[in-house]
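Observations on chain architecture
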Protein chains: 2
Amino acid sequence: MTAEAKGVTTPASPPLTERQEARRRRILHASAQLASRGGFDAVQMREVAESSSVALGTLYRYFPSKVHLLVATMQDQLQHMHATLRKRPPAGDDPAARVAETLMRAFRALQREPHLADAMVRALTFADRSVSPEVDTVSRLTTAIILDAMGLEAPPTAEQLSAVRVIEHTWHSALITWLSGRASIAQVKIDIETVCRLIDLTSPEKA
Amino acid sequence: MTAEAKGVTTPASPPLTERQEARRRRILHASAQLASRGGFDAVQMREVAESSSVALGTLYRYFPSKVHLLVATMQDQLQHMHATLRKRPPAGDDPAARVAETLMRAFRALQREPHLADAMVRALTFADRSVSPEVDTVSRLTTAIILDAMGLEAPPTAEQLSAVRVIEHTWHSALITWLSGRASIAQVKIDIETVCRLIDLTSPEKA
DNA sequence: GGATAATGTAGAACAAGTTTCAGACTTGAT
DNA sequence: ATCAAGTCTGAAACTTGTTCTACATTATCC
């Protein structure tokens with residue numbers, strides 16, 4: 001069963017009318033647009049509202065805070081990316097190589113819109129408890145991408161899931177260091193490759 | 001050579017007079033105090049200024065933003081912690097166990113002041129480029145703590161440094177998930193133990 | 001089709017981070 | 001001791017996220 005089939009895409013809120021769905025979409029589009037220009041700071045709620053032709057109050061009804069909005073934007077982008085990645089699965093021999101390849105592909109995609117990446121990742125790590133459900137959704141999506149890349153035959157063991165968690169931690173934190181200019185692209189690559197070694201360490205046949 | 005001997009503690013700015021040093025200290029103290037009460041949001045610049053008997057403008061002269069202030073607070077706390085940890089070095093047999101033990105000890109310390117931890121860690125990951133030097137200092141301190149815990153005889157190899165970087169990523173990100181209520185203490189423990197396995201993987205005698 | 005509850009709009013108001021400024025105080029050099 | 005430069009203070013102003021209010025529009029149900 002894929003992540004999408006599990007309903008990761010739709011948090012099962014009251015169904016929206018068509019106009020509402022359109023508004024939501026306009027808002028997310030404006031958010032991504034502004035984020036692409038200038039990152040987290042450039043996403044200003046008044047501007048998002050104006051760009052998407054929605055009143056400020058309405059914007060806040062759809063997304064109760066700037067962080068909620070950006071996390072939802074990330075969810076949206078991640079879904080695109082998941083779909084894209086699925087089209088050409090990674091070619092590596094072992095799971096570790098495939099995960100590293102997949103994450104590097106995602107990383108290159110982020111490099112094309114570094115400001116957007118900045119806005120999304122900063123929002124994600126800055127999110128407090130009130131955003132937990134949404135952040136959790138993003139996390140599940142990320143996990144699904146990594147598990148997909150591993151291409152396991154059997155369901156993952158607890159150990160493997162731990163490794164995936166650590167990979168996710170490293171992924172987020174490495175992105176942060178890159179976005180804030182404290183690590184180079186090459187350094188991020190090394191970090192990803194290093195952490196992916198954990199996958200070998202936790203694969204059942206070799207343990 | 002220890003980290004302190006390298007001057008991690010003092011970024012070599014123009015020397016401060018005694019009164020200035022005292023002001024700086026009062027500010028950091030007020031910051032930690034307020035953070036302990038209510039986390040990131042409770043550290044309000046006007047309140048910090050008032051608590052430390054300093055004008056708002058002066059506070060901003062010492063710390064050019066709230067994030068700068070909290071990162072400096074973290075630096076301060078980390079130095080205490082480094083000193084404390086040195087007193088009783090970890091007892092594990094191999095480097096991996098010692099690092100895990102050290103990080104868990106640090107984690108337990110953070111659990112005693114979860115709000116303070118929240119303020120510091122959120123600031124750290126939210127910091128943008130303008131805070132890079134300060135964040136880097138914190139990062140070097142953390143690295144020093146981990147390397148100390150490893151208790152290596154020879155200087156660390158490039159591979160080992162990569163492992164340490166990944167451990168640091170995991171440490172920060174795991175703290176974030178714990179602070180935002182998305183991971184339990186037990187889960188953080190597992191993540192730390194999992195990532196510490198990388199140390200074995202990269203130790204020269206076993207490679 | 002009309003009552004009514006929910007949703008959307010415009011805009012003011014509020015909160016907290018940040019900036020600015022005029023004047024008072026320190027400091028360091030002469 | 002004094003002058004200049006730099007620092008500190010108090011207070012107001014500005015910015016942007018967030019909340020609130022009064023009114024208009026839309027959706028739903030009979």
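Residues numbered from 1 in each chain as written. Chains lettered and ligands numbered in written order. Predicted model: local features only at pLDDT ≥ 70, side-chain atom pairs only at ≥ 80, totals over all residues. Heavy atoms only, no water.

All right, on to the protein's contact with DNA strand D then. Near DNA strand D lie 18 residues; those nearest to it are Arg46 and Lys66 of chain A together with Arg23, Thr58 and Tyr62 of chain B. Considering the 4 Å shell around the protein, atoms of DNA strand D inside it are sugar or phosphate in 61% of instances. Take Lys66 of chain A: an N or O atom from its main chain is 2.8 Å from a phosphate oxygen of DNA strand D. A distance of 2.9 Å separates a phosphate oxygen of DNA strand D from a polar side-chain atom of Tyr62 of chain B. Within the residue set of the surface near DNA strand D, elements represented by two or more residues are helix 2 (45–51) and helix 3 (56–62) of chain A together with helix 1 (18–42) and helix 3 (56–62) of chain B. Looking at which element gives the most residues to the surface near DNA strand D, the answer is helix 3 of chain B, with 3 residues. Across the surface near DNA strand D, the residue classes tally to 7 nonpolar, 5 polar and 6 charged. (Near = heavy atom within 4 Å. Polar contact = N/O pair within 3.5 Å; in protein donor to acceptor, adjacent residues only side chain to side chain. Helix = DSSP H or I, 4+ residues; strand = E, 2+ residues; numbered from the N terminus. Nonpolar A, V, L, I, M, F, W, Y, C, P; charged D, E, K, R; others polar.)

Next up on the list: the protein's contact with DNA strand C. Within the structure, DNA strand C sits among 18 residues, and Arg23, Thr58 and Tyr62 of chain A together with Arg46 and Lys66 of chain B are positioned closest to it. Sugar plus phosphate, as a fraction of atoms of DNA strand C within 4 Å of the protein: 63%. Here a phosphate oxygen of DNA strand C and a side-chain polar atom of Arg61 of chain A are 3.4 Å apart. Contributions of two or more residues to the surface near DNA strand C are made by helix 1 (18–42) and helix 3 of chain A together with helix 2 (45–51) and helix 3 of chain B.

Our focus in this paragraph is helix 1 of chain A. Here helix 1 of chain A spans only 29 Å end to end across 25 residues, well under the 36 Å set by a 1.5 Å rise per residue. Ser36 of chain A marks where helix 1 of chain A bends most, by close to 95°. Looking only at helix 1 of chain A, the buried set comprises Ile27, Leu28, Ala30, Ser31, Ala32, Leu34, Ala35, Gly39 and Phe40 of chain A. Those residues of helix 1 of chain A that are buried lie in contact with helix 2, helix 3, helix 4 (66–87) and helix 6 (114–126) of chain A together with helix 6 (114–126) of chain B. (Expected span 1.5 Å × (residues − 1). Bend = angle between axes of the 7 residues up to and from the residue. Buried < 20%, exposed > 50% of the residue type's maximum accessible area, 1.4 Å probe, protein only. Contact = heavy atoms within 4.5 Å.)

Pairs of packed helices are described in terms of their axes, by the angle between the two and the distance that separates them. All names here are of chain B. For the pair helix 5 (residues 95–112) and helix 7 (residues 132–150), the least separation of the axes is 8 Å and the interaxial angle reads 135°. Taken as axis vectors, helix 5 and helix 7 run oblique relative to one another. Considering only the axes of helix 5 and helix 7, their crossing is right-handed. Counted together, Pro95, Arg98, Val99, Thr102 and Leu103 of helix 5 and Ile145, Ile146, Ala149 and Met150 of helix 7 form the full contact between these two elements. When grouped by side-chain class, the residues that make up the contact of helix 5 with helix 7 number 7 nonpolar, 1 polar and 1 charged. (Axes fitted to C-alpha atoms, helices over the stretch in contact; angles between N-to-C directions. Parallel < 35°, antiparallel > 145°, perpendicular 65-115°, else oblique. Left-handed = near helix turned anticlockwise from the far one by under 90°.)

Turning next to unusual backbone geometry. A positive phi angle, near 50°, is found at Ser53 of chain A, a position not held by glycine. Accessibility expressed as a relative area gives 57% for Ser53 of chain A, which makes it exposed.

Here we take up the interface of chain B and chain A. Facing 35 residues of chain B, the contacting portion of chain A comprises 35 residues. For the pairing of chain B and chain A, the buried interface totals around 3,200 Å² over both sides, and the portion due to carbon and sulfur atoms is 55%. In terms of surface lost to chain A, no three residues of chain B exceed Phe126, His169 and Arg182 of chain B, which account for 20% of the buried area on that side. Summed over the shared surface of chain B and chain A, the result is 6 salt bridges. With a shortest N-O distance of 3.0 Å, Asp191 of chain B and Arg165 of chain A are connected by a salt bridge. Counting the contacts that link chain B with chain A gives 16 residue pairs in polar contact (both at pLDDT 80 or more). (Buried area = accessible area lost by both parts, 1.4 Å probe. Salt bridge = Lys/Arg side-chain N within 4 Å of Asp/Glu carboxyl O.)

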